[in-house]
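Chain by chain, the residues run as shown.
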Amino acid sequence: MKNVLITGGSKGIGKECVYAFSKKGYRVFLNYNKSEEEAKRISEETGAVIVKANISKSDEVKKMADFIHSQYGKIDVIVNNAGIAEQKLFTDITENDWDNIFNINVKGMFLVTKEFADDMIFRKSGKIINISSMWGITGGSCEVHYSASKAAVIGFTKALAKELGPSGICVNCVAPGVIKTDMNRNLTEDDYRELSEETPLGRIGSAEEVAKVIVFLADDASFITGQVINVDGGMVI
Ligand code: NAP
């Protein structure tokens, strides 16, 4: 049985990944930080193993990895999905805002990947899928710290793909456009309408549509590495 760790599996895109990987027969490790009720409910429905950890804290990530390694042996697929966003004028972004975004979106991905990379290299196999954003490619106004963190996810993906390719490990990145999840709870219906009009496919996307691409990269794709796959209805062409 293949094991997948999904960070931020309690909500949105991560939650849909938990459902999609479970349906494919994977043993799913559902990481979460705050949303305990949601995590428990999803686990009851899917059989996913819950692993609580704030991914920006190295001691919590290590504890999570030690538990997985000691009880289940290995991780075949990592989905570095957990992330936070914030809309602010650049002049209002504080040092704390900057650190908070980078600690979760970038350092968290680094800490989680590092815990499992040695074993993947030893086994000469593994898939690592990182979640960036279209703003990491184009830059989003009033989201400078978020955009910079998501650009870092792309740099991390490309460099690691080169380094781990000789060990048979694929590292890719998915860059969603506007997806209806809690992350966008501050958007109004009018905002959604405007964003849909800007999108060639004329609508916003669903978390399920992103999860399908993540599962494809993990399960079917064997000769794709170092790539950024846009799942954005054509927003970035
Ligand atoms: P969401 O609905 O807000 O869910 C975020 C998830 O991240 C939650 O499960 C949350 O868990 C987890 N998380 C946050 N901080 C964490 C931490 N310190 N440790 C562990 N888990 C943590 O967001 P989403 O829309 O699904 O976004 C998922 C990913 O897609 C993010 O990386 C985001 O940047 C990216 N993305 C989203 C969109 C979009 O339009 N929605 C577009 C582009 C990219 P808890 O609630 O349990 O803390």
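Preceding this paragraph is the structure being described.
Described below are features of the structure shown in this document. Keep in mind the model is a prediction, meaning the values are calculated, not measured.

Right, let's talk about the overall build of the protein for a bit. Across its full length, the protein holds 8 helices and 7 strands. For 237 residues, the compact-globule formula gives about 18 Å, and the C-alpha radius of gyration of the protein, at 17 Å, lands near that figure. Taken along its principal axes, the extent of the C-alpha atoms in the protein is 50 × 40 × 35 Å. Going through the 237 residues of the protein one by one, you find that 49% of them count as buried. Summed over its atoms, the accessible surface of the protein is roughly 11700 Å², and 52% of this surface lies on carbon and sulfur atoms. Side-chain charges of the protein comprise 28 positive and 32 negative groups, with the mean position of each set lying 6 Å from the other.

Where helix H3 (residues 58-72) contacts helix H4 (residues 95-123), the two axes come as close as 9 Å, and the packing angle between them is 35°. The two elements H3 and H4 cross, and the hand of that crossing is right-handed. Note on element contacts: H4 touches H3 through Leu111, Val112, Glu115, Phe116 and Asp119, opposite Ser58, Val61, Lys62, Met64, Ala65, Ile68 and His69. Taken together, the residues of the contact of H3 with H4 break down into 7 nonpolar, 2 polar and 3 charged.

Spatially, the 7 strands line up as an open sheet ordered S3-S2-S1-S4-S5-S6-S7, and their pairing is parallel. Each edge of the open sheet carries a strand with a single partner, namely strand S3 (49-52) and strand S7 (228-231). Neighbour-to-neighbour, the strand axes of the sheet open up by a mean angle of 20°, direction not taken into account. Looking at chain direction, strand S1 (residues 3-6) and strand S4 (residues 77-80) are connected through 3 bridges and run parallel. Paired with Ile6 across the two strands is Val79, which belongs to S4. Where helix H6 (residues 144-164) meets the sheet, its contacts fall on strand S5 (126-131), strand S6 (169-176) and S7, and the angle it forms with S6 comes to roughly 160°.

The next thing to look at is empty space enclosed by the protein. Under the counting rule described, the total for this entry stands at 1 cavity of 30 Å³ or more. Space inside the largest cavity adds up to approximately 60 Å³. Around the largest cavity sit Thr7, Ile55, Asn80, Asn81, Ala82, Ile104, Asn105, Met109, Ile131, Lys150 and Val153, which together line it. Taken together, the elements giving at least two residues each to the lining of the largest cavity come down to H4 and H6. Ranked by the residues each element gives to the lining of the largest cavity, the list is headed by H4, at 3 residues. Its residues assigned to classes, the lining of the largest cavity shows 6 nonpolar, 4 polar and 1 charged.

Summarising the element assignment, Lys124 is placed in the loop between H4 and S5. Separated by 19 residues in the primary sequence, Lys124 and Asn105 place their C-alpha atoms 27 Å from one another. Among all residues touching Lys124, those that are not within four sequence positions of it are Pro166, Ser167 and Gly168.

To continue, consider the packing of aromatic side chains. Geometry of an aromatic ring pair is reported as the spacing of the ring centres plus the angle between the planes. The final tally for this structure, using the stated rule, is 4 aromatic pairs. Ring geometry for Phe21 against Tyr26: centres 5.0 Å apart, planes inclined by 80°, an arrangement best described as edge-to-face. Summarising the burial analysis for this pair, Phe21 and Tyr26 share the class buried. Here the aromatic residues Phe29, Phe67 and Tyr72 are joined through ring pairs into a cluster of three or more. The ring of Tyr192 carries Lys180 above its face, with NZ or CZ at 4.9 Å from the centroid.

Moving on, we get to the layout of surface pockets. A water-sized probe, rolled over the atoms, reveals where empty space remains. Of the voids in this model, the largest pocket is the one considered here, and its volume is about 1400 Å³. Contributing to the lining of the largest pocket are 49 residues, with Gly83, Ile84, Ala85, Asp182 and Met183 lying nearest its centre. Listing elements by their share of the lining of the largest pocket, those giving two or more residues are helix H1 (12-23), strand S2 (27-32), H4, helix H5 (134-138), H6 and helix H7 (189-198). A class-by-class count of the residues in the lining of the largest pocket yields 19 nonpolar, 19 polar and 11 charged.

Around the ligand sit 31 residues in total, of which Ser10, Ser35, Asn81, Tyr146 and Thr181 are the nearest. At 3.1 Å, a backbone N or O of Ile55 approaches a nitrogen atom of the ligand. A distance of 2.9 Å separates an oxygen atom of the ligand from a polar atom in the side chain of Lys150. Protein chains bury 94% of the 890 Å² of accessible surface belonging to the ligand in isolation. The site holding the ligand turns out to be the largest pocket. Of all the secondary-structure elements, those providing two or more residues to the shell around the ligand are H1, S2 and H6.

Definitions and limits used
- Residues numbered from 1 in each chain as written.
- Predicted model: local features only at pLDDT ≥ 70, side-chain atom pairs only at ≥ 80, totals over all residues.
- Heavy atoms only, no water.
- Helix = DSSP H or I, 4+ residues; strand = E, 2+ residues; numbered from the N terminus.
- Rg over C-alpha atoms; globule rule 2.2 N^0.38 Å.
- Buried < 20%, exposed > 50% of the residue type's maximum accessible area, 1.4 Å probe, protein only.
- Areas by Shrake-Rupley, 256 points an atom, 1.4 Å probe, with all protein chains shown as cover.
- Lys, Arg positive; Asp, Glu negative; His and termini not counted.
- Charge placed at Lys NZ, Arg CZ, Asp CG, Glu CD.
- Axes fitted to C-alpha atoms, helices over the stretch in contact; angles between N-to-C directions.
- Left-handed = near helix turned anticlockwise from the far one by under 90°.
- Contact = heavy atoms within 4.5 Å.
- Nonpolar A, V, L, I, M, F, W, Y, C, P; charged D, E, K, R; others polar.
- Pairing = 2+ DSSP bridges.
- 1 Å grid on protein atoms, 1.4 Å probe; cavity = no way out; pocket = protein on both sides within 12 Å on 5 of 7 lines; lining within 4 Å.
- Points joined across faces, edges and corners; volume = space filled by probe spheres on them.
- Phe/Tyr/Trp six-rings, centres within 6.5 Å; stacked < 30°, edge-to-face > 60°.
- Lys NZ or Arg CZ within 6 Å of the ring centre and 35° of its normal.
- Near = heavy atom within 4 Å.
- Polar contact = N/O pair within 3.5 Å; in protein donor to acceptor, adjacent residues only side chain to side chain.
- Sits in = over half its atoms within 2 Å of the grid points.

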